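Topology and contacts: notes
Next come the chains, spelled out residue by residue.
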Number of protein chains: 2
Amino acid sequence: MAAREVKKELFGRLRGILDAKYILTTEEQLKPFECDGLSVYKALPIVAVLPGTVEEVQAIIKVCYSLRIPLVTRGAGTGLSAGAKPNPEGLLLVMTRLNKILSINTITQTAEVQPGVRNLAISEATKEHDLFYAPDPSSQIACSIGGNIAENAGGVHCLKYGLTVHNIIQLKGFTMEGEPVTLGSGGLDNVGFNLQALIIGSEGMLMVVTEITVKLLPLPRHTEVMLAAFDSVETAGNAVNKIIAAGVIPGGLEMMDNNAICAAEDFAQAGYPRDAAAILLIEIDGSSSNVEEQLQTTREVLQHAGVVSVKVARNAQERALFWKGRKNAFPAVGRISPDYYCMDGTIPRKSLAEVLGYISALSNEYGFAVANVFHAGDGNLHPLILFDANIDGQLECVEAMGAKILEKCIDVGGTITGEHGVGLEKIRQMPLQFTDGEINQFHDLKAALDPANLLNPGKNIPLLKHCQEYRALAKNLVPNRLLTQQSPD
Amino acid sequence: MAAREVKKELFGRLRGILDAKYILTTEEQLKPFECDGLSVYKALPIVAVLPGTVEEVQAIIKVCYSLRIPLVTRGAGTGLSAGAKPNPEGLLLVMTRLNKILSINTITQTAEVQPGVRNLAISEATKEHDLFYAPDPSSQIACSIGGNIAENAGGVHCLKYGLTVHNIIQLKGFTMEGEPVTLGSGGLDNVGFNLQALIIGSEGMLMVVTEITVKLLPLPRHTEVMLAAFDSVETAGNAVNKIIAAGVIPGGLEMMDNNAICAAEDFAQAGYPRDAAAILLIEIDGSSSNVEEQLQTTREVLQHAGVVSVKVARNAQERALFWKGRKNAFPAVGRISPDYYCMDGTIPRKSLAEVLGYISALSNEYGFAVANVFHAGDGNLHPLILFDANIDGQLECVEAMGAKILEKCIDVGGTITGEHGVGLEKIRQMPLQFTDGEINQFHDLKAALDPANLLNPGKNIPLLKHCQEYRALAKNLVPNRLLTQQSPD
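Please read all numbers here as calculations on a predicted model, not as lab measurements. (Residues numbered from 1 in each chain as written. Chains lettered and ligands numbered in written order. Predicted model: local features only at pLDDT ≥ 70, side-chain atom pairs only at ≥ 80, totals over all residues. Heavy atoms only, no water.)

1. Describing the overall build of chain A
From N to C terminus, chain A includes 18 helices and 20 strands. With respect to the three principal axes, the spread of C-alpha positions in chain A is 70 × 60 × 45 Å. Burial analysis of chain A (489 residues in total) assigns 61% to the buried set. The long-range share in chain A, meaning contacts at least 24 apart out of those at least 6 apart in sequence, stands at 71%. For chain A, the accessible area works out to roughly 18100 Å², and carbon and sulfur atoms hold 50% of it. (Helix = DSSP H or I, 4+ residues; strand = E, 2+ residues; numbered from the N terminus. Buried < 20%, exposed > 50% of the residue type's maximum accessible area, 1.4 Å probe, protein only. Contact = heavy atoms within 4.5 Å. Areas by Shrake-Rupley, 256 points an atom, 1.4 Å probe, with all protein chains shown as cover.)

Dropping the structure here:
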């Protein structure tokens, strides 16, 4: 069939499945879905559909499979690596109407939810049972649990409670052939190969998920938040290691540098010290005596680690204020610069001071200011590179600088993502992290589960023929001077 | 080449890689390796090799690949599902000489180890830094970390600290083609598809692992062990749920029924109450004030849950004694019965009382006594079915009864393994847990990573053509009367 007939056939069959108002085909209708949170990558799909039942999802998948139409699944569209960018030849499967919490079981401490349920909605619904769902990406008010699974989302509480992959016990959904699959179980173990963990973080490229059983945890009875100020970024980085080495696992352990502090303070009046080179926000949760004890240990560790000042929030209001600054750091930085580029990489905690120093050197070299706001306990960095996209060439320079930061993450034994995924954004860095043999294994896996290559094709894993080119490109992005100065040590 | 020439060629090439004393070929040499801990399955390989370096491992794999010789990797041989049973046409790769702890990093709280390192040896080596490796299978004194990865091993502490898959951050090794692969990273996130989680628990069928980075945790400062006795198994099962619902996550939460209590008491004089229908062993760890508080909460919950008596170990000696009974429960049961069949299944905690009742009914129906000793907090059951293998037909009856227990686990939403894997033992139950479509996906995955099907072939995933037969078999194993009595409720 010619492309036009295929399209006609597709639309006809979709109308047999869904009410016409849930089938979007005009440019006007499709425009809101052209990109996710990384808006430099955009495209219109040939059609977007919003199914309301699992049966509709299955039928839509089967139609796509039989007509060989690429299928991209989209949650709330808050992703930051273009993982949900539509395929211009494909169908966009929008999961927002599948937004029901199906059951909450207080004995097994689990909830069954549909993929379109917002992350925060789970904890809101389980609060009356003193339970919560731990992974809490900054976008949790808007992002969907289905999207969290696609990207293996993290968040402030993941140091203590794990990433998405550690908090899901069962997934149901469909292969690209429309075959139903159940992965994981009501128990803790997986039988056969651990397909469930493979699916989580696979950016919608291996199956379509329609039902999720999440683990719930008892809400901590007591919480304290500590604000620690330092006169150097390195001292703050080392303090992070010392806190954890002392046996304290904070519920949250976040770091901000001076640029981020000042931007957040202007925006949120959180009570941050503007003259600090860096601050740590340390949340300690548990039972009240336990929190008291850990607070004391942390205070002692901080004193030995050279802290300048320590402040414990006096009440719930001040705790919320301390967090308000951190949670609004991204929009706050947005006010002080026309544009910013939000990076996401992960390093072993021991290299915090070294990598922050490298970023600072790059900042001088390229002439772009950087604000650092990140999950220090996890070693999950989020440097925000400040620039002006209206000035010709700046975006390209910033991308080059960002690429250098990711390469440094690899050099110290870390990875090129933390919680945002690879999508299209980081596909060029994949060949730096992986050999051709490893990339090949990813392709083989993809082919095993989606032989027709219809599920979100072209994302996450670069084609082998491009890998050499991307590696060569990486070598030539910055003056050699800087490379030899800062590289191995 | 004819089989004989292939063998000659193989031996010749192996001698080019390894010292002859590490190449075992005679029946006498091979006999000790004919089975793992599940000795009803046995076979001699054509050769067993004991490499001493990673380079030797790679060279051996390449030889096997080029000659199309099946390869089975073996750790300490303590597995309980015949996962390490040699292939009679194949080579057995014995990892015991790769037993070095390569590094311990106290800042990142990680250790790099070789696969032949014993599980307990890691915690012994890191004790001086107040760190430990959490997953602790009962065989931890002997079993190797490589084997733990193959089976995704659990243990007493896994309720609080997670299974093997939650405590590994990086794996290095080789594909069957001899291609080096690095999975995971020094950071917490995985990039690309989560191959690392897929490998863990894959029973040596997807790659050969040669280096492992494990997570270490701070040793708890304080520990208390509580022994709670109940006059019914159901009451004990419900108490488990109530403890966890109260927000207490014990370091260990084990249950034993009367048969297990009496056997353990005869053997270890642990101070267990012989007249109790069931006991719970509850270990609470953390800082001292925190332990005190959780102990108090647990005590209150137990009172409300109908406990008969509660005893807290008075000192380290009594704590060790309480655990001694549990840890020796399997050999203790071995003394009261000529043979026993150790089952392993996992269920959602909420179904504990129901499934224990079902096992008790099966025990009456089949006329075999059962001793229950298990990780109650995880819902990971270990019924031991007592029988005499010298009486004709008993083993077959016991296997049938065991199969019914596993099917019940599936019925209530659990799985057919907890920590022992599928291997050969449970391959017949796989089609009860999975549809043909799902089994097919496992085969596709296997083919993607090991296209020549040389890595531990024939284990874990049944051939599709046998699935119907296994399902039909399952239906006819027990009197229908029992099925209708006990099934859905």
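2. Here we look at the packing of aromatic side chains
According to the stated counting rule, one finds eight aromatic pairs over all chains in the structure shown. Each ring, one from Phe193 of chain A and one from Phe442 of chain B, has its centre 5.9 Å from the other, and the planes form 85 degrees; the classification is edge-to-face. Of this pair, Phe193 of chain A sits in the loop between strand 9 (180–184) and helix 7 (195–199) while Phe442 of chain B sits in helix 16 (residues 436–449), on two different chains. With respect to burial, Phe193 of chain A and Phe442 of chain B carry one shared label: buried. One aromatic cluster in this structure is built from Phe193 of chain A together with Phe434 and Phe442 of chain B. (Phe/Tyr/Trp six-rings, centres within 6.5 Å; stacked < 30°, edge-to-face > 60°.)

3. Some thoughts on the sheet that holds strand 8 (residues 168–174) of chain B
Residues and elements named next belong to chain B. One open sheet accounts for five strands, arranged 5-6-10-8-9; its pairing is antiparallel. Only two strands of the sheet have a single neighbouring strand rather than two, namely strand 5 (101–105) and strand 9 (180–184). Averaged over all adjacent pairs, the angle separating strand axes in this sheet is 15 degrees, with direction ignored. Pairing of strand 5 with strand 6 (residues 110–113) involves four bridges; the strand directions are antiparallel. Residue Ser103 lies in a different strand from strand 6, and its bridge partner there is Glu112. Where helix 4 (residues 119–126) meets the sheet, its contacts fall on strand 5, strand 6 and strand 10 (208–215), and the angle it forms with strand 5 comes to roughly 45 degrees. (Pairing = 2+ DSSP bridges. Axes fitted to C-alpha atoms, helices over the stretch in contact; angles between N-to-C directions.)

4. Section: the relation of the copies chain B and chain A
After a rotation of 180 degrees and a shift along the axis of 0.0 Å, chain B superposes on chain A with an RMSD of 0.0 Å. As the rotation angle and translation indicate, the two copies are arranged about a two-fold axis. Across chain B, the rotation axis passes nearest the C-alpha of Asn290 of chain B, at a separation of 2.5 Å. Most of the interface of chain B is mirrored in chain A, where 100% of its interface residues are also at the interface. (Least-squares fit on C-alpha atoms with pLDDT ≥ 70 in both.)

5. So, the interface of chain B and chain A
Between chain B and chain A, the residue contacts involve 71 residues of the former and 71 residues of the latter. Between chain B and chain A, roughly 5700 Å² of surface is buried when both sides are summed, and carbon and sulfur atoms account for 59% of that area. One can count zero salt bridges joining chain B with chain A. Seen at the junction of chain B and chain A, the total is 14 residue pairs in polar contact (both at pLDDT 80 or more). The set of elements that each furnish at least two residues to the side of chain B that touches chain A consists of strand 9, helix 7 (195–199), helix 8 (233–245), helix 10 (288–304), helix 15 (430–433) and helix 16 of chain B. (Buried area = accessible area lost by both parts, 1.4 Å probe. Salt bridge = Lys/Arg side-chain N within 4 Å of Asp/Glu carboxyl O. Polar contact = N/O pair within 3.5 Å; in protein donor to acceptor, adjacent residues only side chain to side chain.)

6. Quick word on the confidence of the model for chain A
Residue and element names in this part refer to chain A. Considering every residue of chain A, the mean pLDDT works out to 92; 96% of them sit at 70 or more. Every residue in residues 478–489 scores below 50 in pLDDT, and together they form 16 contacts with partners more than four places removed in sequence or on other chains. Note on the complex model: pTM 0.88, ipTM 0.82. (pLDDT = per-residue confidence, 0-100.)

7. Details of the packing of helix 1 (residues 3–15) of chain B against helix 3 (residues 54–67) of chain B
Between two packed helices, what matters for the description is the angle formed by their axes and the separation of those axes. Residues and elements named next belong to chain B. Contact geometry of helix 1 with helix 3 gives a least axis separation of 10 Å together with a crossing angle of 160 degrees. Between helix 1 and helix 3, the angle is such that the two are roughly antiparallel. For the pair helix 1 and helix 3, the crossing hand works out as right-handed. Across the interface between the two elements, Val6, Glu9, Leu10, Arg13 and Leu14 from helix 1 touch Ile60, Val63, Ser66 and Leu67 from helix 3. Residues of the contact of helix 1 with helix 3, tallied by class, amount to six nonpolar, one polar and two charged. (Parallel < 35°, antiparallel > 145°, perpendicular 65-115°, else oblique. Left-handed = near helix turned anticlockwise from the far one by under 90°. Nonpolar A, V, L, I, M, F, W, Y, C, P; charged D, E, K, R; others polar.)

8. Description of the side chain of Lys85 of chain B
Residue and element names in this part refer to chain B. Within the secondary structure layout, Lys85 lies in the loop between strand 3 (71–74) and strand 4 (91–94). Lacking a salt bridge, the buried Lys85 has Glu89 as its closest oppositely charged neighbour, with an N-O distance of 9.8 Å. Residue contacts for Lys85: discarding those within four places in its chain leaves Glu34, Asp36, Tyr41, Lys42, Ala43, Val72, Leu424, Asn456 and Lys459. (Lys, Arg positive; Asp, Glu negative; His and termini not counted.)

9. Describing the pattern of salt bridges
Residue and element names in this part refer to chain B. Evaluation of the coordinates by the stated rule reveals 24 salt bridges over all chains. Notably, a salt bridge pairs Glu34 with Lys31, separated by 3.3 Å at the nearest N-O pair. In this structure Glu34 comes out as buried when scored by relative accessible area, which is 12%. Residue Lys31 is classed as partly exposed on the basis of its relative accessible area of 42%. In this structure, Lys408 engages Glu354 in a salt bridge whose closest nitrogen and oxygen atoms are separated by 3.0 Å. In this pair, Lys408 is assigned in helix 14 (residues 394–411) and Glu354 in helix 13 (residues 352–366), connecting sequence segments 54 residues apart. Note on Lys408: relative accessible area 4%, which makes it buried.

10. Describing helix 13 (residues 352–366) of chain A
Between the first and last C-alpha of helix 13 of chain A there are 21 Å, a value that for 15 residues agrees with the 21 Å anticipated at 1.5 Å per step. For helix 13 of chain A, the set of buried residues is Leu352, Ala353, Val355, Leu356, Tyr358, Ile359, Ala361, Leu362, Ser363 and Tyr366 of chain A. (Expected span 1.5 Å × (residues − 1).)

11. Regarding the sheet that holds strand 4 (residues 91–94) of chain A
Residue and element names in this part refer to chain A. Reading across the sheet, the four strands line up as 1-2-4-3 and stay open at both edges, with mixed pairing between neighbours. Each end of this open sheet is capped by a strand with a single partner; those strands are strand 1 (23–24) and strand 3 (71–74). Along the sheet, helix 1 (residues 3–15) contacts strand 1, strand 2 (47–49) and strand 4; its crossing angle with strand 2, the most-contacted strand, is approximately 15 degrees. Helix 3 (residues 54–67) rests against strand 2, strand 3 and strand 4 of the sheet, and its axis sits at about 170 degrees to strand 4.

12. Side note on the environment of Ile46 of chain B
Residue and element names in this part refer to chain B. By the element assignment, Ile46 lies in the loop between helix 2 (27–30) and strand 2 (47–49). Linking Ile46 and Leu91, residues 45 residues apart in sequence, is a C-alpha distance of 6.0 Å. When near neighbours in sequence (up to four residues on either side) are disregarded, Ile46 contacts Lys7, Leu10, Phe11, Leu24, Thr25, Leu30, Ile69, Asn87, Pro88, Glu89 and Gly90.

13. Here's the deal with unusual backbone geometry
Residue and element names in this part refer to chain B. The backbone of Glu203 sits at a positive phi, close to 55 degrees, despite the residue not being glycine. Tracing the chain through its elements places Glu203 in the loop between helix 7 and strand 10. Residue Glu203 is classed as buried on the basis of its relative accessible area, which comes to 4%. Of note, Asn456 is a non-glycine position whose phi angle comes to about 45 degrees, a positive value. As for its placement among the helices and strands, Asn456 is situated in the loop between helix 16 and helix 17 (464–475).

14. Comments concerning the state of the cysteines
Residue and element names in this part refer to chain B. All chains considered together, the criterion is met by zero disulfides over all chains. Between Cys35, a free cysteine, and Cys342, which holds the nearest cysteine sulfur, the sulfur-to-sulfur gap is 16 Å. Look at Cys35 and you get buried, because its relative accessible area is 16%. (Disulfide = S-S within 2.5 Å.)

15. Focus: the packing of helix 13 of chain B against helix 14 of chain B
All names here are of chain B. It is the contact of helix 13 with helix 14, at a shortest axis distance of 10 Å, that shows an interaxial angle of 160 degrees. Comparing the axis directions of helix 13 and helix 14 gives the class roughly antiparallel. Considering the relative orientation of helix 13 and helix 14, their crossing is right-handed. Taken together, the residues of helix 14 that come into contact with helix 13 (itself represented by Glu354, Val355, Tyr358, Ile359, Leu362, Ser363 and Tyr366) are Cys397, Ala400, Met401, Lys404, Ile405 and Lys408. Among the residues making up the contact of helix 13 with helix 14, the classes are represented as nine nonpolar, one polar and three charged.

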